[in-house]
Amino acid sequence: MKRPITHIVFLAAALLYLTTVSAQASEEVRVYQPKMVAAEEGATPQELSPTQLRQQALMLGFVEATLQSARSLIPGTLSEERTQALKSYLEPRAGEWILGYKELASTPDEKGLTMVLEVDVNKRALRETLSVLGLDRVSESPRYVTLLAGSTLLKADHENLAAVMLLTNTQVLAGAGPEFRLERMESGSLRGQLTSDQGAWSAIDANVSAVWFALWGKYNVSGPTIASTSAKTLVVSGWFTPDGANDFDRELRGWDHLVRSAQLVELDMLTAGVTAHWQVDIVDADKFRQRLQSYLPSRGLHFSLDGGS
C-alpha cells in the first residue's frame, strides 16, 4: 500500500533526528588531576603547567566518561579486575569516541585541579568496539583457548597478553577451543594466528591487543552470533501524536543492558492513533519483554514482539 507523501517526509525527518540523537550519550563526570606527576614509575615528579594541568584533567574526564558509557552498554557486571583492564584498554583510545564536551565547573587548588564535565560519547561506535572485545554479552563462564606462545616473545608481550585475556575472560586450556599462536618476528612486529573449525586467520601488528582483537573479531564474525537470532520486530500502538513515539524511541535506546540496537523503521499515523515499528537487537528477550510489560500498558499502550503480544 502506498504511503501518503506527508507520511514519508515525516518519517524521513524523524529517522534522521533520532539517528543523530541515539548516536551519542551524555555522561557527567568529576575528575581530579594533581599538579605533580611522574612520567614513569620511579621518576622524579614534575609539576604541570596550567595548560598541561587542564589538558590532563580533560583527558581524565574523557576516559572516565567513556568507561561510564561502556559499563552502561555491557549487560551484567564486570569484576573489579576486568573493569580495570577495560579502563586500561580504553584509556589511550578514549578520544576516538568523544563527540564533544561542556565544562560545568573547574576548581583549582594548591595541589591540582578538579573538573566537572558533561561529555558526549559516541555510543554506537563504542558499542561496536565492545562487540569486538566480546563485551556486548558478558558470561560468567570463561572462554577457553589453546595458547602457543613463541620463545621470541618479550616479558611485556606476556604481560599484555595476560591483560587482554583477563579483559575478555579467556583462559588457557590445552586442547580446548580455538588455537591461538603468537610470536615476535625479527622485524620486531608481532604475528598472531587463530585456528578453529570455522577457519584460520592471521594478523601482524606492533601491539599485542591489536593482534588479539583483530583475530577474535574475525572469529566472532565468522561464527553463529546471538544477534542472528535476537533481531526482532517491536510494534507499539496507542499514541495520539508522533511525539509519543519519539519519546519512547529515546526511552528504548536508553535500555542499553537489554537492547544492543533499536531502529525506528516505520510510523503509521491512522485515525485510531499512531503505531510505530522498530527493529531491535535484544540482549535478553525475556527481560526485555518484562520491561515492555511493566512500561507500556500502564501508559495505555499496546505492543507485540515478533507477532506475540
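What you see is a predicted model; the values in this text were computed from it and never measured.

If you trace the four strands from one edge of the open sheet to the other, you get β12-β13-β11-β14, paired in antiparallel fashion. Each edge of the open sheet carries a strand with a single partner, namely β12 (259-270) and β14 (302-305). Put simply, the sheet's adjacent strands are angled 20° from each other on average, direction ignored. Bridge count between strand β11 (residues 231-239) and β14: four bridges; the pairing is antiparallel. Paired with Ser237 across the two strands is His302, which belongs to β14. Here helix α9 (residues 285-295) sits on the sheet and contacts β11, β12, β13 (273-282) and β14; the angle it forms with β14, its principal contact strand, is near 170°.

Next up on the list: the packing of helix α3 (residues 80-90) against helix α5 (residues 155-167). Between two packed helices, the angle of one axis relative to the other and the distance separating the axes together describe the packing. Running from N to C, α3 and α5 point in directions that differ by 120°, and their axes come no closer than 8 Å. Between α3 and α5, the angle falls in the class oblique. Here α3 and α5 pass one another in a crossing that is left-handed. In contact with Glu81, Arg82, Ala85, Leu86 and Tyr89 of α3, α5 contributes Ala163, Leu166 and Leu167.

A word on the environment of Asp281. When you line up the elements, Asp281 lands in strand β13. On a C-alpha basis, the gap between Asp281 and Ala231 in space is 4.3 Å, while along the polypeptide they are 50 residues apart.

Once that is clear, we can look at the sheet that holds strand β6 (residues 143-149). Pairing is mixed across the open sheet formed by five strands, whose spatial order is β7-β6-β8-β9-β10. Since the sheet does not close on itself, it has two edges, and those belong to β7 (170-172) and β10 (199-205), each with one partner. Going from strand to strand, the sheet's axes swing by 30° on average, the running direction of each strand aside. Relative to strand β8 (residues 179-184), β6 runs parallel, the two being bridged by four bridges. Across the sheet, Ala149 pairs through a bridge with Leu182, a residue of β8.

As judged from the nine bridges shared by strand β4 (residues 98-108) and strand β5 (residues 112-122), these two strands associate in the antiparallel manner. When the bridges of β5 are listed, Thr107 appears paired with Thr114. Here β4 folds back onto β5, and the loop between the two strands holds three residues.

Taking 1.5 Å of rise per residue, the 13 residues of α5 would be expected to cover 18 Å, and the 19 Å separating its terminal C-alpha atoms lies within 8% of that figure. Every buried residue of α5 is listed here: Asp157, Leu161, Val164, Met165 and Leu167. One face of α5 carries all of its buried residues, which in axial projection span an arc of 160°. Immediately downstream of α5, the backbone of Asn169 shows phi near 55°, a positive value.

With that settled, consider the nonpolar core. In this structure, Leu86 and Leu130 are the most contacted members of the largest nonpolar core, which totals 49 residues. Considering each element in turn, this core owes the most residues, nine residues, to helix α2 (residues 50-73). Core analysis: the second largest hydrophobic core is formed by 24 residues, Trp239, Leu258, Trp278 and Leu305 among them.

So, on to helix α4 (residues 123-133). Every α-helix winds through 3.6 residues per turn, so residues three or four apart in the chain are directed the same way. All buried positions along α4 are accounted for by Lys123, Leu126, Arg127, Thr129, Leu130 and Leu133. All buried residues of α4 fall inside an arc of 160° around its axis, so they share one side. The opening residue of α4, the one whose side-chain oxygen lies 3.4 Å from the backbone nitrogen of Arg124, is Asn122. Count one or two residues on from α4 and you reach Gly134, which has phi positive near 80°.

So, on to the packing of helix α8 (residues 242-253) against α9. It is the contact of α8 with α9, at a shortest axis distance of 13 Å, that shows an interaxial angle of 140°. Crossing handedness for the pair α8 and α9: right-handed. Counting all contacts with α8, which are made through Phe248, Glu251 and Leu252, the residues of α9 involved are Phe288, Arg291, Leu292 and Tyr295. Its residues assigned to classes, the contact of α8 with α9 shows five nonpolar, no polar and two charged.

Parameters at a glance
Every chain is numbered on its own, with residues counted from 1 as its sequence reads. Selection of residues for local features in this predicted model requires a pLDDT of at least 70, selection of side-chain atom pairs for listing and counting requires 80 or more, and totals for whole chains, interfaces and linings are taken over all residues. Derived side-chain values reflect all non-hydrogen atoms in the structure, with water molecules and hydrogen atoms excluded from consideration. Should DSSP find at least two bridges between two strands, the strands are taken to pair. To qualify as a helix, a DSSP run of H or I must reach at least 4 residues; to qualify as a strand, a run of E must reach at least 2; elements of each kind are numbered from the N terminus. Think of each axis as a best-fit line through the C-alpha atoms, taken over the contacting stretch in the case of a helix, with angles from 0 to 180 degrees between the N-to-C directions. Only heavy atoms enter the contact rule, under which two residues are in contact if any of them lie within 4.5 Å. The scheme is simple: roughly parallel for angles under 35 degrees, roughly antiparallel for over 145, roughly perpendicular for 65 to 115, oblique for anything else. Each helix crossing is assigned a hand: it is left-handed if the near helix lies turned anticlockwise from the far helix by less than a right angle, otherwise right-handed if that turn is clockwise. For a helix, the expected span equals 1.5 Å multiplied by the number of residues minus one. Burial status follows relative accessibility: with a 1.4 Å probe on protein chains alone, a residue under 20% of its type maximum counts as buried, one over 50% as exposed, and anything between as partly exposed. Arc definition: directions from the helix axis to the C-beta atoms. What we call a nonpolar core is a set of buried Ala, Val, Leu, Ile, Met, Phe, Trp, Tyr and Cys residues that are connected through their side-chain atoms within 4.5 Å. Here a polar contact means two N or O atoms within 3.5 Å. Within protein one must be a hydrogen donor candidate and the other an acceptor candidate, and residues neighboring in sequence count only if both atoms are side-chain atoms. Under this grouping Gly is polar, as are all residues other than the nonpolar Ala, Val, Leu, Ile, Met, Phe, Trp, Tyr, Cys and Pro and the charged Asp, Glu, Lys and Arg.

So yeah, pure geometry; function would need other evidence.
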